[in-house]
Each structure stands twice: as C-alpha cells, then as structure tokens.
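As a plain string of letters, each chain reads:
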Number of protein chains: 2
Amino acid sequence: MVTERTVEIVEVGPRDGLQNESRELSTADKVAYAERAFAAGTGRVEITSFVHPKAVPAMADAEQVAAGLAGGEGRIRSALVINQRGLERAVAAGVDDLNAVLVASETFSQRNQRMSVAETMVEIARMKAATDLPFSVTIACSFGCPFEGHVPEAGVLELATELAALGISEISFADTIGVGTPDRVTRLVAGLAERAPDVRRRAHFHNTRNTGYANAVAAVEAGIHALDAATGGIGGCPFAPGATGNIATEDLVYLLHGMGVATGLDLDAVVANAAWLQGKLGGDPIPGQLSRAGNWP
Amino acid sequence: MVTERTVEIVEVGPRDGLQNESRELSTADKVAYAERAFAAGTGRVEITSFVHPKAVPAMADAEQVAAGLAGGEGRIRSALVINQRGLERAVAAGVDDLNAVLVASETFSQRNQRMSVAETMVEIARMKAATDLPFSVTIACSFGCPFEGHVPEAGVLELATELAALGISEISFADTIGVGTPDRVTRLVAGLAERAPDVRRRAHFHNTRNTGYANAVAAVEAGIHALDAATGGIGGCPFAPGATGNIATEDLVYLLHGMGVATGLDLDAVVANAAWLQGKLGGDPIPGQLSRAGNWP
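Residues numbered from 1 in each chain as written. Chains lettered and ligands numbered in written order. Predicted model: local features only at pLDDT ≥ 70, side-chain atom pairs only at ≥ 80, totals over all residues. Heavy atoms only, no water.

**Observations regarding the pattern of salt bridges**
What counts is decided by this rule: Salt bridges are identified by distance alone: a Lys or Arg side-chain nitrogen within 4 Å of an Asp or Glu carboxyl oxygen. Strands here are runs of E lasting at least two residues and helices are runs of H or I lasting at least four, both read from the DSSP assignment and numbered beginning at the N terminus. Residue burial is assigned from relative accessible area. The probe radius is 1.4 Å, only protein chains are included, and a residue is buried under 20% of its type maximum, exposed over 50%, and partly exposed in between.
The full count for this structure, using the stated rule, is 38 salt bridges over all chains. Between A:Arg44 and A:Asp97 there is a salt bridge; the shortest N-O distance is 3.4 Å. You can see A:Arg44 sitting in strand β3 (residues 44-50) and its partner A:Asp97 sitting in strand β5 (residues 97-103), a full 53 residues away along the chain. Residue A:Asp97 is classed as buried on the basis of its relative accessible area of 5%. Taking the shortest distance from any N to any O, the salt bridge between B:Arg15 and B:Glu46 comes out at 2.6 Å. Taken together, the residues span a long stretch of sequence, with B:Arg15 in helix α1 (residues 13-17) and B:Glu46 in strand β3 (residues 44-50) at a distance of 31 residues. Its relative accessible area of 8% is what places B:Arg15 among the buried residues. Here the salt bridges share partners, and the residues they tie into one network are A:Glu8, A:Arg15, A:Asp16, A:Arg44, A:Glu46, A:Asp97, A:Glu170, A:Arg200, A:Arg202 and A:Asp228.

Now the structure itself:
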C-alpha cells in the first residue's frame with residue numbers, strides 16, 4: 001500500500017502519442033496540446049522529437065512547436081533526441097530538458113537508431129558532455145524486443161549502470177512493445193535503486209496487452225520518481241484502434257490519486273484535455289477510459 | 001513479487017458478459033462459449049443466471065443453457081441466483097455451484113434486488129440452508145455505488161463477516177461499477193483473510209476506468225483464491241463500446257502467467273475463444289487486447 005507519496009507524470013503524448021497516430025495535428029494544435037497539459041498541472045511535457053523529418057514525418061515541425069511554447073517556472077519543455085545533430089537542434093530551439101534513447105536489444109537498436117547498442121552508448125556520452133541541460137536516457141525495449149523476444153534483465157540493469165557512470169541523472173525503463181508484467185517492473189526499478197541510488201527512476205509503459213496500469217502501480221511501489229503517460233492513451237497503431245497506446249494520463253491520475261499518490265495534476269482538466277484531443281484526432285474512441293466513464297465519485 | 005502461486009479464474013462471460021451486451025447469443029452459442037472455456041482449461045464457468053426473464057431477458061434460456069452442458073470432473077457449472085425461486089430453478093437444472101449476490105449499498109440493493117441489504121442477508125441464509133451445493137456470495141458494490149458514491153470499507157467487511165458466520169464458503173468482492181483502486185483491494189482481501197481465514201477469497205473487477213488489472217494484481221498479492229473474468233472483456237455498455245466490461249480472461253492470464261502465477265488455462269486457446277466471441281458479437285473490437293496484440297513472445 002502506497003500513501004503520502006508523490007510521482008511526477010511526464011506528458012509524452014505530443015511526442016510518443018502523436019508520432020504513432022495516423023492523423024497529424026497542426027503545429028498550432030500540438031502547441032495547444034502541450035499548453036493544455038501544463039495548464040492541467042503537468043510540470044514536464046515531452047513536446048517533440050528532434051529527429052530527421054524523413055524518419056518521423058510527424059515531428060518535422062519540432063522547431064516550430066518549441067518556438068510556440070514559452071518557458072518558465074513549472075513548464076519544463078522536454079525533447080527527445082537520438083544523436084548530436086538532434087541535440088544541437090534541440091538546444092538551439094531552447095528546450096529545457098533532453099531525453100535520449102538507448103535500445104536494450106541489438107536488432108531493434110540497429111533498426112531504430114541505425115547504431116549498435118555500444119555505438120549509442122558512445123553517442124550518449126558525447127551528447128551528455130556537450131550540454132548542461134538536464135539529460136535523461138530512456139532504455140527502450142527494457143521488457144522485450146519485437147525481433148529478439150525476451151531481453152535479459154541483467155543486461156538492462158548493466159546498461160543502466162553504465163549510463164549512471166556517465167553522469168546521466170534520470171534513467172527510464174520503457175516497455176516499448178507493451179509486454180512487461182509487474183514483477184519485472186519491480187526488479188528493474190529496485191535494481192536501479194540499488195545500483196545507482198542517486199539516479200532519478202522513470203518508467204514508460206504501453207497498455208498493448210492491458211498490463212500498463214498494473215506495471216505503473218508496481219513501479220510506484222518499487223520507488224519510481226516519474227512515469228510517462230499520454231493524454232487519452234493515444235499512440236495506438238492505426239490498424240488496431242485503441243490497442244497499443246501509451247498509458248492514458250487521465251486513467252493513471254485516477255489510479256494514483258485513488259491510492260493516495262499525489263501527482264499535482266487536476267484530473268478534471270486532464271479528462272477535458274482527453275476529450276479535446278479525441279476531437280482533434282477525428283473523434284474515434286481513444287484508449288483512455290475516464291473521458292467515457294467519467295471521474296468518480 | 002508473486003511466485004509459485006495458483007489462482008483460479010472463474011469465467012463469468014456467459015453470465016455477466018452476455019447480460020450486458022447489446023447483441024444476444026443463441027442458446028447454442030452460449031453453450032459453445034462455456035464449452036470453449038472448459039476446453040481452454042477453465043475449471044468453473046458461471047454459465048447463466050436464474051433470474052426472472054423480465055428482469056434480464058438475455059438470461060431467459062437459463063434452463064436450456066444448463067441442459068446443454070454435461071457435468072463431470074473439472075467442469076463446475078456455476079449459476080447466479082438472487083432468491084429462493086432462482087435457487088430452486090438452478091438446482092432443478094442440475095448446476096454444480098451457486099453464487100448469490102448481496103449488495104453493499106442500500107440504494108443499489110433496492111434497485112437491483114428489490115430487497116434491503118438486511119432482507120437479502122435473510123434470503124441468503126435461507127438459500128444456504130436449502131441446498132448442499134457449494135454456495136458463494138458476491139458482495140456487489142464493494143468499492144462504490146452509482147447512487148451512494150463511496151461505500152465504507154468497514155461496512156463491506158462487516159457484511160463479509162456476517163456471511164462467513166452463515167457458513168458461506170466463498171466470498172467475492174465485486175467492483176460492480178469499476179471504480180476501485182489497488183490499495184482498497186488489498187485492504188478488503190486482507191481484511192477478509194483476517195476475519196474469516198477459512199473462507200475462500202474471490203474478487204470481480206470491471207475495467208471501466210482502466211484499474212481492473214492493477215486491482216487483480218493487488219488481489220493476488222493480498223492472497224486471493226479466485227478471480228472472475230470474461231473472455232474478450234465483454235460486458236461493455238452498448239453506448240460506450242469497450243468501456244465497461246469485465247477484465248478479459250486472456251489479458252488476465254497473460255498478466256498472471258508473466259508474473260509466475262499459474263491458472264491452469266491455455267492462453268492460446270483463450271485468445272482463440274476471444275476471437276470467436278468477437279465474431280459472434282458482430283465483429284466490433286472487444287476490450288480484451290491480447291486477441292489484437294498477440295501472445296508474446
């Protein structure tokens with residue numbers, strides 16, 4: 001049982017949600033999405049990804065999105081970067097926080113990053129040395145790889161230890177393909193706490209197989225500091241509606257508040273944001289349930 | 001972390017799932033649904049409800065469903081009954097196991113059962129005395145009532161204690177409207193274990209607000225013996241597709257097996273059953289995710 005705890009929710013919908021939706025939002029709507037998240041009490045929003053526009057066309061307006069969002073107290077504008085070119089663009093665009101990606105499986109690393117795991121580690125070390133911005137790393141495929149299957153837990157923790165040795169101040173375990181279960185979450189989060197107690201612990205869950213919220217609870221019980229979520233649970237694969245999105249911010253907040261875990265978010269505002277986003281994405285049902293079922297009581 | 005444990009999954013789709021679907025199955029398909037669940041390794045299926053056909057038209061063929069299902073080793077044909085008339089019908093139909101309902105909130109009790117909570121307790125005592133069949137009681141609205149809001153936990157545990165004193169051998173906490181969160185699950189299940197350690201502990205979750213699977217994990221960790229689930233997660237309200245069904249058998253099995261909790265079910269067979277059921281219900285997406293996302297690895 002968890003009480004009197006606080007967990008930061010990082011809104012990743014403008015990046016991880018939108019890059020996996022079949023429908024694109026206008027730049028103005030992306031900015032509005034992030035502004036609505038800040039207004040609902042979110043302290044950090046992953047506003048975009050500075051990757052090559054040919055790789056992820058939905059993020060081609062990264063500079064414009066960043067330019068549309070003023071900085072300030074309680075408004076951490078985070079961006080995903082996977083190499084030094086992206087980092088330079090992100091820094092030039094004036095973001096506040098960077099999140100790089102290290103893939104825990106070799107095959108997915110080659111396909112996603114066009115680099116080996118070892119090469120990515122070198123690139124991350126270079127990026128970290130090149131900036132003073134807060135710099136977190138997400139370990140993708142921490143729970144499984146679509147090509148290699150199970151990813152050995154010891155290897156994931158070894159990568160986390162190497163990242164900590166580079167001075168990375170926040171490490172996130174991402175269940176990229178939504179296959180994780182709570183016991184593994186517990187072991188990874190507790191394992192990181194044991195190996196690198198000063199590193200902030202973060203996790204990223206997809207609800208592809210309906211394990212995402214149970215995984216989030218396990219992470220909280222194991223001492224997570226931050227959880228990623230996307231308003232509406234968007235990010236589903238276009239040909240399987242509702243099947244593969246991030247965990248929904250509103251449903252996560254409902255769950256955590258119900259358990260006495262504070263998030264700083266205004267649940268009614270997040271639910272309103274989910275309804276707004278559903279309209280912007282064409283009106284089809286979104287995976288988040290709370291905008292349908294209603295807050296309670 | 002839970003290891004080396006076994007949890008019984010009671011398939012309640014033919015009863016709680018189908019009674020809340022807009023599309024009705026034929027009697028033959030209801031029988032096929034239960035047969036498929038047994039064939040997948042389910043030991044107990046809630047095959048129907050012996051209630052007045054005017055109250056629940058979808059269960060008007062209760063006798064015919066029961067007649068279509070042979071008994072035998074590893075095939076517990078359970079039925080829901082809410083009064084003595086129903087119990088007489090269920091016994092005459094030859095079912096193996098009975099499940100009665102006590103509602104934890106007065107308003108919902110009057111509307112659902114047309115009896116007060118105290119009157120229902122008397123009726124349950126009479127029913128229990130009138131049969132030698134295994135007799136469980138589900139405490140509906142154990143987590144919240146659509147009319148009264150929060151239902152005090154102490155009251156729910158008091159009702160459970162009264163039921164145990166009547167000799168009820170299995171008590172289930174039902175989150176009828178899908179508002180529960182894991183900490184409350186923990187307290188109810190542990191509270192029952194403390195007050196009546198010899199009573200089998202069972203729980204029933206709806207995924208209305210995406211808390212159902214996290215609640216199931218909390219129940220397992222608190223020492224639950226049996227969890228209800230419906231193949232496909234069916235039972236959603238017709239005007240909010242996918243929003244309010246039972247937790248899906250296939251997704252629950254994936255979650256529990258991933259945690260090293262045995263269920264005796266063949267996951268691939270359950271996934272095939274979910275796909276079959278989706279077809280029988282008209283082909284629209286069902287809430288269970290595994291039949292879309294696939295078993296893994």
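Resuming the write-up.
**Focus on the nonpolar core**
In globular proteins that are soluble, nonpolar side chains generally tend to be buried together. Definition in use: Among buried residues, the Ala, Val, Leu, Ile, Met, Phe, Trp, Tyr and Cys ones that are joined through side-chain atoms within 4.5 Å form a nonpolar core. Two residues qualify as a contact provided that any one of their heavy atoms is within 4.5 Å of a heavy atom in the partner residue.
If you look at the biggest cluster of nonpolar residues, it comprises 196 residues, and the most contacted ones within it are A:Phe173, A:Leu227, B:Phe173 and B:Leu227. For A:Phe173, the contacting residues outside a window of four places in its chain are A:Ile139, A:Ser142, A:Phe143, A:Val156, A:Leu157, A:Ala160, A:Leu188, A:Val189, A:Leu192, A:Arg202, A:Ala203 and A:His204.

**Quick look at helix α2 (residues 27-39) of chain B**
Residue and element names in this part refer to chain B. Defined as follows: Helix span, as expected, comes to 1.5 Å for every residue beyond the first.
Here α2 is 13 residues long and its end C-alpha atoms lie 18 Å apart, about the 18 Å a rise of 1.5 Å per residue gives. Among the residues making up α2, those that are buried are Asp 29, Lys 30, Val 31, Tyr 33, Ala 34, Ala 37 and Phe 38. Tucked inside the fold, the buried residues of α2 contact β2 (8-11), α1, β3, α3 (62-67), β4 (76-81) and α11 (267-280). After α2 finishes, the residue Gly 41 shows a positive phi value of roughly 110 degrees.

**What about the sheet that holds strand β9 (residues 226-229) of chain A?**
Residue and element names in this part refer to chain A. Just so we agree on the cut-off: At least two bridges found by DSSP between two strands is the condition for calling them paired. Think of each axis as a best-fit line through the C-alpha atoms, taken over the contacting stretch in the case of a helix, with angles from 0 to 180 degrees between the N-to-C directions.
The eight strands lie next to each other as β2-β3-β4-β5-β6-β7-β8-β9, forming a closed barrel whose pairing is parallel. Going from strand to strand, the sheet's axes swing by 30 degrees on average, the running direction of each strand aside. Summarising the sheet, strand β6 (residues 135-140) and strand β7 (residues 170-175) pair through four bridges and their orientation is parallel. Looking at β7, one finds that Ile 139 is bridged to Phe 173. Each of β3, β4 (76-81), β5 and β6 is contacted by helix α4 (residues 84-93), which is oriented at about 130 degrees to β3, the strand it contacts most.

**Here's the deal with the packing of helix α8 (residues 182-195) of chain B against helix α9 (residues 212-221) of chain B**
Residue and element names in this part refer to chain B. Quick reminder of the rule: An angle counts as roughly parallel when it lies under 35 degrees, as roughly antiparallel when it exceeds 145, as roughly perpendicular when it falls between 65 and 115, and as oblique in every other case. Left-handed describes a crossing whose near helix is turned anticlockwise from the far helix by less than a right angle; the clockwise case is right-handed. Throughout, the ten residues Ala, Val, Leu, Ile, Met, Phe, Trp, Tyr, Cys and Pro are labelled nonpolar, Asp, Glu, Lys and Arg are labelled charged, and all others, Gly among them, are labelled polar.
Direction vectors running N to C along α8 and α9 enclose 30 degrees, while the axes themselves pass 8 Å from each other. The pairing of α8 with α9 is recorded here as roughly parallel in orientation. The crossing of α8 and α9 is right-handed. In this structure, α8 contributes Pro 182, Val 185, Thr 186 and Val 189 to the contact, and α9 contributes Ala 214, Asn 215, Ala 218 and Ala 219. Its residues placed into classes, the contact of α8 with α9 shows six nonpolar, two polar and no charged.

**Points about the pairing of β6(A)**
All names here are of chain A. Cut-off, in case you're wondering: With strands facing away from the observer, any crossover in which the path from the first strand over the helix to the second runs clockwise is taken as right-handed.
With six of six residues buried, β6 lies mostly within the body of the structure. Neither face of β6 is exposed, since Phe 135, Val 137 and Ile 139 on one face and Ser 136, Thr 138 and Ala 140 on the opposite face are all buried. Pairing geometry for β5 and β6, over six bridges, is parallel. In the strand pairing of β6, Leu 98 is matched with Phe 135. Taken together, β6, helix α7 (residues 153-165) and β7 form a β-α-β motif whose crossover is right-handed.

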